[in-house]
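Inside the fold
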Amino acid sequence: MIRKLIIMFVCLLPMAVSAQTIHWLTFVDTTDPNVGRLDINGREVLYNHFVNVVNAAVTEKGYKTNIKDIYGSDLSPQKCKDVVNNLNVNSDDIVVFYYIGHGTHGTVGGDVWPMMFMAQGDPNYLIPLKWVHEQLMSKGARLTATIGMCCNVYQGINRTETPSFGVNYGNTFLTDTEKDAIQKMFLGHRGDFLLSSASPGQSSVGGNTPLGPMDLFTCVLVKNFEDSASEGLLDWDTLFND
């Protein structure tokens, strides 16, 4: 019996060590007739310069990856709501939500965070960024990051606190300095943060960038991330303050 228990413990140990997961929930509006071209490239840049790079670093520390990459005709408010509500995490997991698309603040007042259109134009189907963050925080991951790359302009649209409707990185090369910096940034912290690319009354813009046509926020984010990682100086506050 003792020998069997030892064998069972040895077999389960690798599962316990590698149980942590980094969850990526990305929602990108690539079909919009005005900014879809920018967002197509923005999504590729986000994955090639940020998501895949982070995954390459944290997998060395036993983290698995769970990617929900929602774009094109698959993107909708209901899809976002379902993915957020159905996400299951453990206490040592990391959750990163990233939205690129149209947004609005609605009428003046309320909290400072935008509401996301999610590839449609009906204001009755808006997804509040703060609601997403609160739902993800409640799941108890070690680190929760919620990022909305969208406008936050004032419009004659009623604000809502909740949705009102029914509801390959193996080829990525990293230096030891970059890996250590990314691992420290993602694995060395607990807590949460909520970030929007625009303050109330402001727009988010896109155009030509060194990484191709895309939104300016994501371009600057990934460029600062890469530069700081190469110097071994990655820090959440510094990255997003910059």
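None of these values were measured; they are calculated from a predicted model. (Residues numbered from 1 in each chain as written. Predicted model: local features only at pLDDT ≥ 70, side-chain atom pairs only at ≥ 80, totals over all residues. Heavy atoms only, no water.)

Now for the nonpolar core. If you look at the biggest cluster of nonpolar residues, it comprises 40 residues, and the most contacted ones within it are Phe50, Val54, Ile182, Phe186 and Phe225. If you list the elements that add at least two residues to this core, you get β1 (21-28), α2 (36-58), β3 (94-100), β7 (143-149), α5 (176-187), β8 (191-196), α6 (216-231) and α7 (236-241). Here this core gets 10 residues from one element, more than from any other, and that element is α2. In contact with Phe50, other than residues within four places in its own chain, are Trp24, Val45, Phe186, Val222 and Phe225. Within the second largest apolar cluster, 23 residues are counted, among which are Ile70, Leu75, Leu129 and Ala141. (Core = buried A, V, L, I, M, F, W, Y, C linked by side-chain atoms within 4.5 Å. Buried < 20%, exposed > 50% of the residue type's maximum accessible area, 1.4 Å probe, protein only. Helix = DSSP H or I, 4+ residues; strand = E, 2+ residues; numbered from the N terminus. Contact = heavy atoms within 4.5 Å.)

A separate point is the packing of helix α3 (residues 77-86) against helix α4 (residues 129-137). It is at 9 Å that the axes of α3 and α4 come closest, and there the two elements cross at 20°. The angle between α3 and α4 falls in the class roughly parallel. Contacts between α3 and α4 involve Cys80, Lys81, Val84 and Asn85 on the former and, on the latter, Trp131, Val132, Gln135 and Leu136. Its residues placed into classes, the contact of α3 with α4 shows five nonpolar, two polar and one charged. (Axes fitted to C-alpha atoms, helices over the stretch in contact; angles between N-to-C directions. Parallel < 35°, antiparallel > 145°, perpendicular 65-115°, else oblique. Nonpolar A, V, L, I, M, F, W, Y, C, P; charged D, E, K, R; others polar.)

Turning our attention to α6. Compared with the 22 Å implied by 1.5 Å per residue over 16 residues, the 23 Å span of α6 between its first and last C-alpha is a close match. Of all the residues in α6, the buried ones are Thr218, Cys219, Leu221, Val222, Phe225, Ser228 and Ala229. Buried-residue contacts for α6 involve α2, β3, β7, α5, β10 (214-215) and α7. The N-cap of α6, judged by a side-chain oxygen 3.3 Å from the amide nitrogen of Phe217 a few residues on, is Asp215. Phi for Gly232, located one or two positions after α6, is positive at around 70°. (Expected span 1.5 Å × (residues − 1). Polar contact = N/O pair within 3.5 Å; in protein donor to acceptor, adjacent residues only side chain to side chain.)

With that settled, the discussion passes to the sheet that holds β8. Read from one edge to the other, the open sheet built from five strands follows the order β2-β1-β3-β7-β8, with strand pairing classed as parallel. Both outer strands of the open sheet, β2 (64-71) and β8, are each paired with one neighbouring strand and no more. Within the sheet, the average angular offset between the axes of one strand and its neighbour, ignoring direction, is 5°. Pairing of β1 with β3, which is carried by seven bridges, proceeds in the parallel orientation. Looking at the pairing, Leu25 lines up with Phe97 of β3. Contacting β1, β3, β7 and β8, α4 runs over the sheet at an angle of about 165° to β7. On the sheet, α6 packs against β3, β7 and β8 and is oriented at approximately 140° with respect to β3. (Pairing = 2+ DSSP bridges.)

A large share of β3 lies buried, amounting to seven of its seven residues. Here β3 shows two buried faces, one formed by Ile94, Val96, Tyr98 and Ile100 and the other by Val95, Phe97 and Tyr99. In terms of strand pairing, β3 meets β7 through seven bridges, oriented parallel. If you follow Val95 over to β7, its bridge partner there is Thr144.

Evaluation of the coordinates by the stated rule reveals six salt bridges. Here Arg43 ties to Asp69 by a salt bridge, and the two come within 2.6 Å at their closest N and O atoms. One end of the pair, Arg43, is in helix α2; the other, Asp69, is in strand β2, and 26 residues separate them in sequence. The exposure class assigned to Arg43 is buried, which follows from its relative accessible area of 17%. With relative accessibility at 23%, the residue Asp69 sits in the partly exposed group. (Salt bridge = Lys/Arg side-chain N within 4 Å of Asp/Glu carboxyl O.)

All right, on to the environment of Arg142 then. If you trace the backbone, Arg142 turns up in the loop between α4 and β7. Each C-alpha atom of the pair Arg142 and Val53 lies 20 Å from the other, and the pair is 89 residues apart in sequence. Aside from chain neighbours lying at most four places away, what touches Arg142 is Tyr63, Ser91, Asp92, Asp93, Ile94, Phe186, Leu187, Gly188, His189, Arg190 and Gly191. A distance of 2.7 Å separates the side chain of Arg142 from the backbone oxygen of Leu187, its partner in a polar contact.

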